Amino acid sequence: KRKEIIFQVICVLILSVIAFCQLFPFWLKLVDSLQSPDLIPDSDKLYVWPVNGTFQNYLTALRVSGFWRALGNTLFHSVMFTAISLFLAIIVGYTLAKMRFKGKKLVSNLLLCTMMVPGEVLMIPNYILVMNMGLNYSIWGLILPGIVNVFGIFLIRQYLMSIPQSVLESAEMDGCGEFRKIFQIVVPMSKPVLITYVILTFVSTWNEYLWPMVMQSSGSTVETLQLIMYKFYPALGNYADGYVRSAGMILITLPIIVMYLIFQRYFLEQNNVGGLK
């Protein structure tokens, strides 16, 4: 009993230190965003609380040219990419996990091989493909390349393999087709892994910088929030510009925090399928 208590205390202390190291830089950035634009900080002083706190920096960041348009583009890009890639991952993951056909092992191995290719290697072929399709001036040029998420396919496939085959056989005896089995039986039973996939994909898409920058260089006017970060320097002065940039970073991060807080109880939650009848 005593050893268990000591072990738990040590674990809590270690996790607390790790959490502090992760959250403290974010807190300092939040403090900077609330500083008065007129504040000239001391070089040898660490500010852990705002001096004459104000939301003026946030208002200045919101007035940056193109902020709301970039917010709409980023939101549309992230939602559509996540939805389309999730749909494809469910279909392909279910096919590889529950259906029998010749060459299934070969298909699985070929998909795994694609994970060994760095994304930067595929950037030029994707760029040429998008240019030839005439999508370089459209937001769909940001969405369509990469919608086949092999990591998501195998993440969902591994989870679906834990669903008893007898459940699907019973549904088939009741006259369910493959699509009805997927969306009426498999999807509700796979909610934890699907929510996990949505969170991971949405966050990575929201924070994506390299591919939108490549598309921007082709003459596209479709800007995302990550691309207008440089506009958070509205020439107010060295220190004031830093405060506005901090406010812009917090504004960009807020949707991710809100999304995680909403879906955190599903994150990597284990679904008890062993007791199904």
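Since this is a predicted model, take the numbers as computed values, not measurements. Within each chain, residue numbers correspond to sequence positions counted from 1 in written order. Thresholds applied to this predicted model are a pLDDT of at least 70 for local features of residues and 80 or more for the giving and counting of side-chain atom pairs; totals over whole chains, interfaces and linings are not thresholded and use all residues. Neither water nor hydrogens contribute to the side-chain values; these are computed over all heavy atoms in the structure.

J.: Before we move on, can you summarise a nonpolar patch on the surface with the specific residues and values?
T.: Note that patches include only residues with greater than 30% relative accessible area and no salt bridge, and the join distances are 9 Å for like charges and 5 Å for nonpolar side chains (Val, Leu, Ile, Met, Phe, Trp, Tyr). Note on areas: these come from Shrake-Rupley sampling with a 1.4 Å probe, and a residue is covered only by the protein chains present in the view. By convention in these notes, a salt bridge is any Lys or Arg side-chain nitrogen within 4 Å of a carboxyl oxygen on Asp or Glu. There is a patch of nonpolar side chains on the surface, built from Ile6, Ile10, Ile14, Leu15 and Ile18 and spanning about 460 Å² of accessible area. In this structure, Ile14 sits in helix α1 (residues 2-33). In this text, helices come from DSSP runs of H or I with a minimum length of four residues, and strands from runs of E with a minimum of two, each type numbered from the N-terminal end.

J.: Kindly report on the pattern of salt bridges, identifying the contributing residues and their values.
T.: For the coordinates displayed, the defined rule picks out two salt bridges. With a shortest N-O distance of 3.6 Å, Arg69 and Glu223 are connected by a salt bridge. Of this pair, Arg69 sits in helix α3 (residues 67-98) while Glu223 sits in the loop between α11 (210-216) and α12 (238-263), and the two are 154 residues apart along the sequence. Only protein chains enter the calculation, and the probe is 1.4 Å; a residue is then buried if its accessible area is under 20% of its type maximum, exposed if over 50%, and partly exposed in between. Taking the relative accessible area as the measure of exposure, Arg69 reaches 48% and is therefore partly exposed. The exposure class assigned to Glu223 is buried, which follows from its relative accessible area of 9%. We note a salt bridge from Glu178 to Lys181, for which the minimum N-O separation is 3.3 Å. Separated by three residues within a single helix, Glu178 and Lys181 lie in helix α9 (residues 178-189), roughly one turn from each other.

J.: Would you mind going over the packing of aromatic side chains in detail, with residue names and values included?
T.: We describe a pair of aromatic rings using the distance from one ring centre to the other and the angle between the two ring planes. Whether two aromatic rings pair depends on their centres lying within 6.5 Å, for rings of Phe, Tyr and Trp, where Trp uses its six-membered ring; planes under 30 degrees apart make the pair stacked, over 60 edge-to-face, and the rest tilted. This structure, assessed with the given rule, holds eight aromatic pairs. Each ring, one from Trp27 and one from Trp49, has its centre 5.9 Å from the other, and the planes form 40 degrees; the classification is tilted. Here Trp27, found in helix α1, pairs with Trp49, found in the loop between α1 and α2 (56-62); they are 22 residues apart in sequence, far enough to count as distant. By relative accessible area, Trp49 is classed as exposed at 60%. Between the aromatic rings of Phe202 and Trp206, the centroid separation amounts to 5.8 Å while the plane-to-plane angle is 25 degrees, which identifies the pairing as stacked. Residue Phe202 and its partner Trp206 are located together in helix α10 (residues 191-206), separated by four residues, close to a single helical turn. Residues Phe202 and Trp206 agree in their burial class; the two are buried.

J.: So, the environment of Phe7: which residues are in play, and what are the values?
T.: Along the chain, the position of Phe7 falls in helix α1. For the pair Phe7 and Gly146, spaced 139 residues apart in the sequence, the C-alpha separation amounts to 44 Å.

J.: How would you summarise the environment of Pro37 if you had to cite specific residues and measurements?
T.: Mapped onto the elements, Pro37 comes out in the loop between α1 and α2. Its relative accessible area of 29% is what places Pro37 among the partly exposed residues. In sequence terms Pro37 and Val214 are 177 residues apart; their C-alpha atoms lie 34 Å from each other. Note on contacts: a residue pair is in contact if any heavy atoms of the two residues lie within 4.5 Å. Those residues in contact with Pro37, other than ones at most four positions away along the chain, are Thr54, Gln56, Asn57, Ala240 and Tyr243.

J.: A description of helix α7 (residues 150-160) should follow, citing residues and the corresponding values.
T.: Of all eleven residues making up α7, eight are buried, and the element is well covered by its neighbours. All buried positions along α7 are accounted for by Val150, Gly152, Ile153, Phe154, Ile156, Arg157, Tyr159 and Leu160. Contacts from the buried residues of α7 go to α3, α4 (104-114), α9 and α10. Taking the backbone nitrogen of Phe151 as reference, a side-chain oxygen 3.2 Å away marks Asn149 as the first, capping residue of α7. Polar contacts here mean pairs of N or O atoms no more than 3.5 Å apart (in protein, one a potential hydrogen donor and the other a potential acceptor; neighbouring residues in sequence count only if both atoms are side-chain atoms).

J.: Could you give an account of helix α8 (residues 165-173), naming the residues involved and the relevant values?
T.: Restricting attention to buried positions, one finds in α8 the residues Val167, Leu168 and Ala171. Around the axis of α8, the buried residues are gathered within 95 degrees of arc, so they sit on the same side. On its buried face, α8 sits against α3 and α9. Of the residues trailing α8, Gly175 is marked for its positive phi of about 95 degrees. Throughout, the arc means that of the directions going from the helix axis to the C-beta atoms.

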